[in-house]
Amino acid sequence: MAGLVFAAVLPHGFPIIPDLSDDAEGALATRAAMEEAGRRCAAAQPDVIVVATPHGTRVDGAVCLASVARGAGTLRWEGRQVEMNIPVDGPMTDLIAERARERQIPIAMAGFAGNRRYQSAIPLDWGTITPLWFLGHGRNMVGHGDVLAPAPEDVGPPAVIATPSRLLPRETMIDFGVAIAEAAAQSGRRVAFVASCDWAHTHKEDGPYGFHPAAAEVDAKVVAALKDNDPGRLISLTEEEVQNAAIDGLWQTLMLAGAMAHTPMRGEVLSYEAPSYYGMIVATFTPES
């Protein structure tokens, strides 16, 4: 079977990485759910993982795709650190860009360092490192976390990295998700799609965004939409709800909705927690037979 074989909504609160924290900053249920998501992804045997992240390299008014050979980065937490260095899949990146441009979606192709793709890399942060750690890249690549570090022996499937601009209409996110699924089907390869998402960031007064009652309300709406297998209905969240809850997962999850419009999938919510100031949801999706 080619095309989309797995999808997920996964958090990027990086203390859930076991090498960084023993107690996952209170999110041990999330860590366990991420490990289960990793097992499910591995069982689907993807050839490439498309990660949509709100962080990383952003370009106003476009969906930014990493047009590079590799991504590398380092995460640090309370005296510990992990390094990652992964291959980025050029052919799938180009195919997604092609399908997206056919839908009149503004695409920016980003690189860093060398002008030729095979010489070029892009920095990775928590938005990509955290989910990929649980999806076949869970190895601390000491000495390779710098974006200009030499490439290690590859581990895990290559990635495509997409970062949306929030200046684009929400409908564009759905269209981009359709483009991802179209490219996956056209490629003849097994493709996983991951929406890297944390949710409301206003759960705690002492957090960096303060407290707002919308945090619990919006997170509950998101959990319900995913449990109902209907991520697309989140497009109706008001701008006031989005801002008051300070969510960063909406845009990537609307991409998932678009992908599911092309390739019907059935989801399961594995966990929801907000032990710190932000909410984390783990949900996985598999194609309907």
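The coordinates are above.
These numbers were taken from a predicted model, which means no experiment stands behind them.

Caption draft 1: Region of interest: the packing of aromatic side chains. In the structure shown here, the tally under the stated rule is 3 aromatic pairs. With a centroid separation of 4.9 Å and an interplanar angle of 75°, the aromatic rings of Tyr277 and Tyr278 are classed as edge-to-face. Residue classification places Tyr277 among the partly exposed positions, given a relative accessible area of 24%. Feature note: the residues Tyr209, Tyr277 and Tyr278 constitute an aromatic cluster, connected by ring pairs.

Caption draft 2: Representation of the sheet that holds strand β10 (residues 265-273). Pairing is mixed in the open sheet, where 8 strands are placed in the order β6-β3-β8-β2-β9-β1-β11-β10. Each edge of the open sheet carries a strand with a single partner, namely β6 (107-110) and β10. Averaged over all pairs of adjacent strands, the angle between their axes in this sheet comes to 20°, without regard to strand direction. Pairing between strand β3 (residues 63-66) and strand β8 (residues 159-164): 3 bridges, direction antiparallel. The residue of β8 that forms the bridge with Val63 is Pro164.

Caption draft 3: Representation of the sheet that holds strand β5 (residues 80-87). The strand order across the open sheet formed by 3 strands is β5-β4-β7, and the pairing between neighbours is mixed. Each having just a single partner strand, β5 and β7 (121-123) make up the two edges of the open sheet. Taken over all neighbouring pairs, the strand axes of this sheet differ in orientation by 15° on average, direction set aside. Note that strand β4 (residues 70-77) and β7 share 3 bridges and pair parallel. When the sheet's bridge partners are listed, Ala72 is paired in β7 with Pro123.

Caption draft 4: Quick look at helix α3 (residues 126-133). Most of α3 sits out of view: 7 of its 8 residues are buried. Buried within α3 are the following residues: Gly127, Thr128, Ile129, Thr130, Pro131, Leu132 and Trp133. Two or three places before Gly127, at the opening of α3, Asp125 has a side-chain oxygen 2.8 Å from that residue's backbone nitrogen.

Analysis parameters
- Residues numbered from 1 in each chain as written.
- Predicted model: local features only at pLDDT ≥ 70, side-chain atom pairs only at ≥ 80, totals over all residues.
- Heavy atoms only, no water.
- Phe/Tyr/Trp six-rings, centres within 6.5 Å; stacked < 30°, edge-to-face > 60°.
- Buried < 20%, exposed > 50% of the residue type's maximum accessible area, 1.4 Å probe, protein only.
- Pairing = 2+ DSSP bridges.
- Helix = DSSP H or I, 4+ residues; strand = E, 2+ residues; numbered from the N terminus.
- Axes fitted to C-alpha atoms, helices over the stretch in contact; angles between N-to-C directions.
- Polar contact = N/O pair within 3.5 Å; in protein donor to acceptor, adjacent residues only side chain to side chain.

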